[in-house]
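Remarks on the overall topology
Given next are the chains, with one letter for each unit.
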Amino acid sequence: MESSKVGFDNDGFSKAGNDPPKNEQDKVKDVEDDEPERAAWGNQIEFLMSCIATSVGLGNVWRFPFIAYQNGGGAFLIPYIIVLFLIGKPMYYLECVLGQFSSKNSVKVWSLSPAMKGTGYAQALGTSCILSYYVLIVGLCLYYLSMSFTSTLPWAVCQPEWDNCVPSGQTENLNSTENGTSSAELYFVKTVLQRSDDIDHGIGMPIWYLVLCLLASWFIIFLIVSRGVKSSGKAAYFLALFPYVVMIILMITTVILPGAGDGILFFITPQWDKILELKVWYAAVTQVFFSLSVCTGTIIMFSSYNNFRQNIYRDAMIVTTLDTFTSLLSGITIFGILGNLAYVLDKDVGEVIGSGGTGLAFVSYPDAITKTFQPQLFSILFFLMMTVLGVGSAVALLSVVNTLLMDAFPRVPVVYMSAISCTGGFAVGLIYTTPGGQFLLELVDHYGGTFLILFCGIVEAVGVFWIYGLENLCLDIEFMSGKRSSIYWRFCWGLVTPAVMIIVFIYALVTVEALRFGGFYYYPTSAHVAGYLLLAAGIFFVLGFIVVTMLKYNTGEIITTIKKAFRSKSTWGPRGAAIHREWQAFKNDAEDARLLQNTSLLKHLWLSLWGGYKRS
């Protein structure tokens, strides 16, 4: 007997979990039995440290303050916290559950609904976009780290050719300086990046020292990833914990600077009129995605190496809470620095930084370092911390690509696959080492790192909650953890999270504003076309696999074909034949008890959201 329920309860699991007839029992086996044994974490702490190293990264120290600065400081903070609880935590916990429950990567996990398999490839594309420029940020950290060993920090002093330059080492107000620019900003734009004024006539040739820094970054990442998940798990202890020591020291040093209080007030004081602007909410959603690394495949990939009974709820809550704490910590630090810069330059806090892209982290932080009592020491510690943060996240992003390739080609040694991935990543990253590279970085971040990832988040939510079924997901969690999902998780997963993401995405499409770099440069039409093609490629993966799967399962009847294409495969479920059979029996018992209640569709949806189904 098949259930006719749809939406929150995919009929693919209405008796899809039935034990097969006894003469077919022997056919039920672990689908990986014929493949090499899959890697696993050495212990639970390695998983937790790896997730912290992934989610607590440059997204907190570099991107969060930059996005907050662009969206009015405190006006951004309230939407960010709300979005964290309505989208960030639910999506992070979901991906932890999917990976641990199935022991599959971000593509194979879609055996829960084969037609949605393209979602995994779209996420891999978005992840590759982020990784392509993320390692360049790590390279910039390495460059600043090497410059920190000089007797005088090069960004602390003005060069003769720089007009209206204010030395970053200056901590007292300079009323005589009009339209002044800090030496840290001029050093970053004119010396490090050699940034061009536009890309209308090309991006230029790669800058040799940035190429070397990029190469060094990829080599470090290769050394960690090439030995597999056990090696990255050991490295995660240092990658996760060391940065906090430096961040706390820098924050204490920053808050005592003149004018720092004004910057911090700018950060925590809401501008209520801006809170009503949907673009601020869009920025909050995209930042939560970037910061937590959700919908990139990293969380699914890492949790897939877990023990099936690990307390994944605890781990998800620890990481998401710590990620928010880190963002707030870096926000207080960087806005304290901006307050001091405003004091020195005699400007408002919202007018201090003029450069776009990566400018905020590589201008305000170096500026603060020059004001400490031991600038070289603090500079070495800080940029070592930034490098560690960046490497931790980059290792996770690359591991997503590596895991997909290793699961597809399990016979290829990890070291060879890692070498291929890193070489390809280095080749693509060369475009960001050019004088026009920062313009391309912001373009790829806008279309690939935010827009595409948000689209993937929507498709993932729809595929899991509305096609696979909210009640089915909650039953899987109950079987794995022994605990029933609360109303909070059910309402977020079933209604709030998908609805908010869809609204924000539609808003972003309808109210498209011309993308500007640093507030002064409008991208040409060709740049926007390239950006939309990147987004279209991700959408094509999703739609293309839906079409291909429906053709594969074509029965001649459209309704039957759709059901078969979106119904969970027999390979979906826990890894291992014995536990798989236990889960099937558990699902069957729950389904039988559900059918006895003879609920209507509307009542079924309500009971799924409320968690009101009785167990026999």
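Residues numbered from 1 in each chain as written. Predicted model: local features only at pLDDT ≥ 70, side-chain atom pairs only at ≥ 80, totals over all residues. Heavy atoms only, no water.

Between its terminal C-alpha atoms helix H6 (residues 208–225) stretches 26 Å, which fits the 26 Å expected from 18 residues at 1.5 Å a residue. For H6, the complete set of buried residues consists of Tyr209, Leu210, Val211, Cys213, Leu214, Ser217, Trp218, Ile221, Phe222, Ile224 and Val225. (Helix = DSSP H or I, 4+ residues; strand = E, 2+ residues; numbered from the N terminus. Expected span 1.5 Å × (residues − 1). Buried < 20%, exposed > 50% of the residue type's maximum accessible area, 1.4 Å probe, protein only.)

Here the focus is the packing of helix H3 (residues 74–102) against helix H12 (residues 312–345). Interhelical geometry of H3 versus H12 gives an angle of 145° and a closest axis separation of 9 Å. The hand of the H3/H12 crossing is right-handed. The segment H3 lies against H12, with Leu77, Tyr80, Ile81, Leu84, Lys89, Tyr92, Tyr93, Cys96, Val97 and Gln100 engaging Ile312, Tyr313, Ala316, Met317, Val319, Thr320, Thr321, Asp323, Thr324, Ser327 and Leu328. By residue class, the composition of the contact of H3 with H12 is 14 nonpolar, five polar and two charged. (Axes fitted to C-alpha atoms, helices over the stretch in contact; angles between N-to-C directions. Left-handed = near helix turned anticlockwise from the far one by under 90°. Contact = heavy atoms within 4.5 Å. Nonpolar A, V, L, I, M, F, W, Y, C, P; charged D, E, K, R; others polar.)

So, about unusual backbone geometry. Its identity is not glycine, yet serine 103 carries a phi of approximately 55°, on the positive side. Along the chain, the position of serine 103 falls in the loop between H3 and helix H4 (118–147). Given the relative accessible area of 10%, serine 103 is considered buried. Positive phi, close to 65°, is recorded for serine 293, a residue that is not glycine. On the secondary structure map, serine 293 appears in the loop between helix H10 (278–292) and helix H11 (298–303).

Between H6 and helix H14 (residues 375–408), the least distance of the axes is 10 Å, while the angle of their chain directions is 60°. Classified by the angle between their axes, H6 and H14 sit oblique to one another. Between H6 and H14 lies a crossing whose hand is right-handed. On the side of H6, the interface is formed by Trp218, Ile220, Ile221, Ile224 and Val225, while H14 contributes Val391, Ala394, Val395, Leu398, Ser399 and Asn402. Of the residues that constitute the contact of H6 with H14, the class distribution is nine nonpolar, two polar and no charged. (Parallel < 35°, antiparallel > 145°, perpendicular 65-115°, else oblique.)

Moving on: the pattern of salt bridges. With the rule as written, the count across this model stands at five salt bridges. Across the salt bridge formed by glutamate 277 and lysine 279, the nearest N and O atoms sit 4.0 Å from each other. By relative accessible area, glutamate 277 is classed as partly exposed at 27%. Given a relative accessible area of 36%, lysine 279 falls into the partly exposed group. When the shortest N-O distance is used, the salt bridge between aspartate 476 and lysine 587 registers 3.4 Å. A residue pair is termed long-range when its members are at least 10 positions apart, and aspartate 476 in helix H16 (residues 437–481) and lysine 587 in helix H20 (residues 577–596) qualify at 111 residues. In this structure, aspartate 476 and lysine 587 share a single accessibility class: buried. (Salt bridge = Lys/Arg side-chain N within 4 Å of Asp/Glu carboxyl O.)

In this section: the UniProt feature "binding site: Na(+)" (unreviewed entry) in the protein. When the UniProt feature table is mapped onto this chain, "binding site: Na(+)" (unreviewed entry) is found at Val56, Asn60, Ser291, Leu389 and Ser393. In terms of the greatest pairwise C-alpha distance, the residues named above, spread along 338 residues, form a tight cluster of at most 12.0 Å across. For asparagine 60, a relative accessible area of 0% corresponds to the buried category. Take leucine 389: it is sitting in helix H14. (UniProt positions renumbered as here; feature names shortened; annotations may be inferred.)

In this structure the tally under the stated criterion is one disulfide. Residue pairing for cysteine 158: its cysteine sulfur links by disulfide to cysteine 165, the two sulfurs lying 2.0 Å apart. On the sign convention where negative means left-handed, the S-S torsion of about -85° between cysteine 158 and cysteine 165 marks this disulfide as left-handed. Summary of cysteine pairing: cysteine 129 is not part of a disulfide, and the nearest cysteine sulfur, belonging to cysteine 456, is at 9.8 Å. (Disulfide = S-S within 2.5 Å.)

This part is about helix H19 (residues 558–566). Among the residues making up H19, those that are buried are Thr561, Ala565 and Phe566. Relative to the axis of H19, the buried residues are bounded by an arc of 115° and lie together on one face. Packed against the buried residues of H19 are H16 and helix H18 (525–552). (Arc of directions from axis to C-beta.)

This part takes up the side chain of threonine 433. Structurally, the position occupied by threonine 433 is in the loop between helix H15 (414–429) and H16. Overall, the relative accessible area of 0% leaves threonine 433 in the buried class. When residues no more than four places from it in sequence are discounted, the contact partners of threonine 433 are Leu136, Met205, Pro206, Ile207, Leu210, Val211 and Leu214.

Core analysis: the biggest nonpolar cluster contains 181 residues, and Leu473 and Trp493 have the highest contact counts within it. In terms of residues, this core owes the most to one element, H16, which gives 25 residues. Of the residues that make up this core, three or more belong to each of domain 1 (44–575) and domain 2 (577–615). (Core = buried A, V, L, I, M, F, W, Y, C linked by side-chain atoms within 4.5 Å. Domains from an automatic or database assignment.)

Now for the packing of aromatic side chains. Summed over the entire model, instances satisfying the criterion amount to 41 aromatic pairs. Centroid distance tyrosine 93 to tryptophan 489: 4.9 Å. Interplanar angle 55°. Geometry classified as tilted. In this pair, tyrosine 93 sits in helix H3 while tryptophan 489 sits in helix H17 (residues 487–510), placing the two residues 396 residues apart along the sequence. Of the two residues, tyrosine 93 and tryptophan 489, neither departs from the other in class, the shared state being buried. Geometrically, the ring pair formed by phenylalanine 439 and tyrosine 521 is edge-to-face, given 5.1 Å between the ring centres and 80° between the ring planes. In this pair, phenylalanine 439 is assigned in helix H16 and tyrosine 521 in strand E4 (residues 521–522), connecting sequence segments 82 residues apart. Look at tyrosine 521 and you get buried, because its relative accessible area is 6%. Aromatic ring contacts, followed pair by pair, group Tyr143, Tyr144, Trp155, Tyr187, Phe188, Trp208, Tyr209, Phe362, Phe382 and Phe383 into a single cluster. (Phe/Tyr/Trp six-rings, centres within 6.5 Å; stacked < 30°, edge-to-face > 60°.)

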